[in-house]
Amino acid sequence: MKALDITDDDRILIIAPHPDDECIGVGGVLWKYAKQCEVIVLTDGRQGQGDTAPEKEKQIRKQEFLSEMKHLNIGGFRMFDIEDGTLLSHTDCMVGICLKEYSKIFVTGILEDHPDHKAAFLCVREAAKRTVAKEMPECYLYEVHTPLQSPTHFLDISDVVEEKCRLIRIHRSQLKELPYDVLAEQCACYRATLCRMPEKKLEVYEAVDLSEKTEPVISETEMLLQKERVNGWVLKRWALRLLKGIRVADDLSMRGITTVYVYGYGELGKLLIRELSNSGIKIKAVIDRRAGQFGSDKIPVVPLEKAEPVLPVVVTVVYEYPDIEKRLKSAGFKRIYSLRSLLEGVADADW
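Residues numbered from 1 in each chain as written. Predicted model: local features only at pLDDT ≥ 70, side-chain atom pairs only at ≥ 80, totals over all residues. Heavy atoms only, no water.

Below, the discussion takes up the packing of aromatic side chains. This model, assessed by the stated rule, comprises four aromatic pairs. Judged by centre distance (5.8 Å) and plane angle (85°), the rings of Phe 65 and Phe 77 are edge-to-face. With Phe 65 in helix H2 (residues 54–72) and Phe 77 in strand E4 (residues 77–82), this pair connects stretches of sequence that are twelve residues apart. Taking relative accessible area as the criterion, Phe 65 reaches 0% and is therefore assigned buried. Phe 77 sits in the partly exposed class, given a relative accessible area of 30%. Lying over the aromatic face of Tyr 265, Lys 270 brings its terminal NZ or CZ to 5.1 Å of the ring centre. (Phe/Tyr/Trp six-rings, centres within 6.5 Å; stacked < 30°, edge-to-face > 60°. Helix = DSSP H or I, 4+ residues; strand = E, 2+ residues; numbered from the N terminus. Buried < 20%, exposed > 50% of the residue type's maximum accessible area, 1.4 Å probe, protein only. Lys NZ or Arg CZ within 6 Å of the ring centre and 35° of its normal.)

So, in structure tokens, the structure goes:
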């Protein structure tokens, strides 16, 4: 490894999948070169630690990030507010960013264990493909959850490691289950020891070439795992609500709804049907594009074109919800409710 060379002329772009990844991974760079840095946070961080309702968690993490930027006195920062956990479906989100304005870019890598962290690198690669420039900016991967396998550069942060930890502690909502400040300092000691500099503390990075033709691959298995991760969040909140005696039927009744369509005949759809079956909410039918595959059920399964748009619909499909919402609106539906939003305490039709 060699020392990272940052000059006064460098303009640095730091890409964070979630609010706090930037200071966990490159807090040393941020503190030492704050005036030269711009930060982009891609997701809203709503699926953070603890049991805080996602919409509230999103606002908490936004305020923590803004406090960090104020502490650093960084003027150039943005939050894209893509829904946490879905970044693999939005890898084109940075195509409007002019990468040639920067000389160095820092981003999480494709081998990180969090799907959003993998996706952040794909976002940068997608933006690089749309960038016309004689020379691409230098790009460095940084580590958050998963240690880099082949780090190429290091930055001595011995003199600012405490400041880096203070930045991480600004995100106090994320320290409930895992003390990232302790993790970051221990990682800096570990990296220094491996580099035969045990008296120091280092941040490490891996240089990658954005102009390479080979494309990093996200397997179908990884895509499926991200979908199941999101479904898992929904099931967890559903179970917690039921333990408190709160049912989806209660949310619908409060809105004056007595009859609904259920969109989606997958696992979540079938669970919702079972919950509503003992309530005062009538299910007109299930809407599913695979309607022809199902035999006769107590509740009919129909394709979208045979549904009556005058009735409200509860969409149980989570990961593809934005596309489904568009199709439902095109079909004339006006009262569209996401099961996930109902379980999280916010219905889309009420936003």
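From this point, things continue past the structure.
Here we take up helix H5 (residues 180–194). Over its 15 residues, H5 extends 21 Å from the first C-alpha to the last, a length consistent with the 21 Å expected when each residue adds 1.5 Å. Listed in full, the buried residues belonging to H5 are Tyr 180, Asp 181, Ala 184, Ala 188, Arg 191 and Ala 192. For H5, the angular spread of buried residues about the axis comes to 115°, placing them on one side. Those residues of H5 that are exposed and angled more than 90 degrees off the buried face are Gln 186 and Leu 194. The secondary structure elements touched by the buried residues of H5 are helix H1 (21–32), helix H4 (161–170) and strand E8 (202–208). Within two residues after H5, Arg 196 carries a phi angle of roughly 60°, on the positive side. (Expected span 1.5 Å × (residues − 1). Arc of directions from axis to C-beta. Contact = heavy atoms within 4.5 Å.)

The strand order across the open sheet formed by eight strands is E1-E7-E8-E6-E5-E2-E3-E4, and the pairing between neighbours is mixed. A strand with exactly one partner marks an edge of an open sheet, and here the two such strands are strand E1 (2–3) and E4. As judged from the five bridges shared by strand E2 (residues 12–16) and strand E3 (residues 37–43), these two strands associate in the parallel manner. The residue bridging Ala 16 from the neighbouring strand is Val 41, located in E3. Strands in contact with helix H3 (residues 115–129) are E2, E3, strand E5 (104–108), strand E6 (138–142) and E8; relative to E5, the strand with the most contacts, it is inclined by about 150°. (Pairing = 2+ DSSP bridges. Axes fitted to C-alpha atoms, helices over the stretch in contact; angles between N-to-C directions.)

Moving on, we come to the packing of H4 against H5. The geometry of H4 relative to H5 is characterised by a closest axis approach of 8 Å and an angle of 155° between their N-to-C directions. With respect to their mutual orientation, H4 and H5 come out roughly antiparallel. You can see that H4 and H5 cross each other, and the crossing is right-handed. Residues Val 161, Glu 162, Lys 164, Cys 165, Ile 168 and Arg 169 of H4 lie in contact with H5, whose contacting residues are Tyr 180, Asp 181, Ala 184 and Glu 185. (Parallel < 35°, antiparallel > 145°, perpendicular 65-115°, else oblique. Left-handed = near helix turned anticlockwise from the far one by under 90°.)

As a further point, take the environment of Gly 28. Mapped onto the elements, Gly 28 comes out in helix H1. Taking the C-alpha atoms as reference points, Gly 28 and Leu 155, 127 residues apart in sequence, are found 7.6 Å from one another.

The next thing to look at is the pairing of strand E10 (residues 282–287). Pairing geometry for strand E9 (residues 259–263) and E10, over five bridges, is parallel. Paired with Tyr 261 across the bridge in E10 is Ala 285. Taken together, E9, helix H8 (residues 267–277) and E10 constitute a β-α-β crossover, and its handedness is right-handed. (Right-handed = clockwise from strand over helix to strand, strands pointing away.)

Right, let's talk about the confidence of the model for the protein chain for a bit. Mean pLDDT over the protein chain stands at 89; residues scoring 70 or higher make up 94%. Taking the mean pLDDT of every element in the protein chain, the minimum, 80, falls on helix H6 (residues 220–243) and the maximum, 98, on E2. Between residues 347–351, whose pLDDT stays under 50, and residues either more than four places distant or in other chains, the model counts 14 contacts. (pLDDT = per-residue confidence, 0-100.)

Let us now look at the sheet that holds strand E13 (residues 336–338). Here five strands make up an open sheet; going across it, the order is E11-E10-E9-E12-E13 and the pairing parallel. Only two strands of the sheet have a single partner each, and these edge strands are strand E11 (301–302) and E13. With two bridges joining them, E10 and E11 adopt parallel strand pairing. Bridged to Val 286 within E11 is Val 301. Strand contacts of helix H9 (residues 321–330): E9, strand E12 (313–315) and E13, with the helix running at about 170° to E13, the strand carrying the most contacts.

Once that is clear, we can look at the pattern of salt bridges. Going through the model one piece at a time under the given rule, you end up with 24 salt bridges. Among the ionic pairs, Lys 32 bridges to Asp 159, the shortest N-O distance being 3.2 Å. Separated by 127 residues along the polypeptide, Lys 32 in helix H1 and Asp 159 in the loop between strand E7 (153–156) and H4 bring together distant segments of the chain. Classification of Asp 159 by relative accessible area gives exposed; the value is 58%. We note a salt bridge from Arg 46 to Asp 44, for which the minimum N-O separation is 3.0 Å. Salt bridges sharing partners connect three or more residues here, namely Asp 44, Arg 46, Glu 55, Glu 83, Arg 237, Arg 340 and Glu 344. (Salt bridge = Lys/Arg side-chain N within 4 Å of Asp/Glu carboxyl O.)

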